[in-house]
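Remarks on the overall topology
So the chains spell out like this:
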Amino acid sequence: SKCEPCIRNRHRSENISKEVCLRKMCCQIELEEKEQSAAGFPPGWRFVFDKPKQKMVFQTIEDHRGLDGLLLLAPNGRRYYSIENACRHNPTKLRDVEGITKEFYKLVGEPMQRKDSHHVLLGKGICENWTDVKGDNKVVHGVITDCKIQEDASEPQVYFIVT
């Protein structure tokens, strides 16, 4: 994927100056300059988005694909790469994981999702047919193994994982 300035640069004529690539530029800025106060966390907690760490896998409550590269900085300088990890290591100060996550997601504009492990369709078979925009018939079939509810819209959206 490309940053917005790179996309715009592809469509510029040669005699117009080009914009600086945000990915290259942001990597040059020191973390201390990019740090922001972390909403939902106690005073002194900061966050920044850095280069995503390769092959980092965490057990998390949520699916955080939109938060790749998140770096949470505790007041003592310790680094955490997920909200849940920060809360697990600081249980006395960070008790309300869900509340902290909601506030933080609101700040960064990421939709909040939660698992629904009691949905009536979990474990049931499914077969769905549809025609895509090109006119091709598509089919998905299998068993519903996971259910997530996104609550940022006026009406909650339900997403199923079929395997």
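In the block above lies the structure referred to throughout.
Below you will find a few notes about this structure.

Procedures and definitions
- Residues numbered from 1 in each chain as written.
- Predicted model: local features only at pLDDT ≥ 70, side-chain atom pairs only at ≥ 80, totals over all residues.
- Heavy atoms only, no water.
- Pairing = 2+ DSSP bridges.
- Helix = DSSP H or I, 4+ residues; strand = E, 2+ residues; numbered from the N terminus.
- Contact = heavy atoms within 4.5 Å.
- Axes fitted to C-alpha atoms, helices over the stretch in contact; angles between N-to-C directions.
- Patch = residues over 30% accessible without salt bridge, like charges linked within 9 Å, V, L, I, M, F, W, Y side chains within 5 Å.
- Areas by Shrake-Rupley, 256 points an atom, 1.4 Å probe, with all protein chains shown as cover.
- Salt bridge = Lys/Arg side-chain N within 4 Å of Asp/Glu carboxyl O.
- Buried < 20%, exposed > 50% of the residue type's maximum accessible area, 1.4 Å probe, protein only.
- Core = buried A, V, L, I, M, F, W, Y, C linked by side-chain atoms within 4.5 Å.
- Phe/Tyr/Trp six-rings, centres within 6.5 Å; stacked < 30°, edge-to-face > 60°.

Right, let's get into the sheet that holds strand 1 (residues 36-37). Read from one edge of the open sheet, 4 strands run 1-2-3-4, paired in antiparallel fashion. Of all the strands in the sheet, just strand 1 and strand 4 (79-80) have a single pairing partner and so form its edges. As judged from the 2 bridges shared by strand 1 and strand 2 (residues 46-49), these two strands associate in the antiparallel manner. Across the sheet, Ser37 pairs through a bridge with Arg46, a residue of strand 2. Sitting on the sheet, helix 5 (residues 97-108) touches strand 1, strand 2 and strand 3 (70-73), and the angle it makes with strand 2 is about 50°.

Quick look at a nonpolar patch on the surface now. Together, Val120, Leu121, Val158 and Phe160 give the surface a local cluster of nonpolar side chains, amounting to about 330 Å² of exposed area. By secondary structure assignment, the location of Phe160 is in strand 8 (residues 157-162). You can call Phe160 partly exposed: its relative accessible area is 32%.

Nonpolar side chains in soluble globular proteins tend to end up buried together. Grouped together as the largest cluster of nonpolar side chains are 15 residues, with contacts concentrated most on Phe41, Trp45, Leu72, Ile83 and Phe104. Among the secondary structure elements, those contributing two or more residues to this core are strand 3, helix 4 (83-89) and helix 5. Those residues in contact with Ile83 that sit more than four places away from it in its chain are Phe41, Leu70, Leu72, Ile100, Thr101, Phe104 and Tyr105.

Another aspect to go through is the environment of Phe47. The residue Phe47 is located in strand 2 in this model. Residue Phe47 is classed as buried on the basis of its relative accessible area of 3%. Ignoring anything within four residues of it in the chain, the contact list for Phe47 reads Lys34, Glu35, Gln36, Ser37, Ala38, Leu70, Leu71, Leu72, Phe104, Leu107 and Val108.

In this description, an aromatic ring pair is defined by two values, namely the gap between the centres and the angle between the planes. Counted under the stated rule, the structure contains 4 aromatic pairs. Ring centres 6.3 Å apart and planes at 90° place the aromatic pair Phe41 and Phe104 in the edge-to-face group. Here Phe41 is found in the loop between strand 1 and strand 2, whereas its partner Phe104 is found in helix 5, with 63 residues between them in sequence. Note on accessibility: Phe41 and Phe104 belong to one class, buried. Aromatic rings pair up to connect Phe41, Trp45, Phe47, Tyr80 and Phe104 into one cluster.

As far as function goes, none of this settles anything; it's purely spatial.
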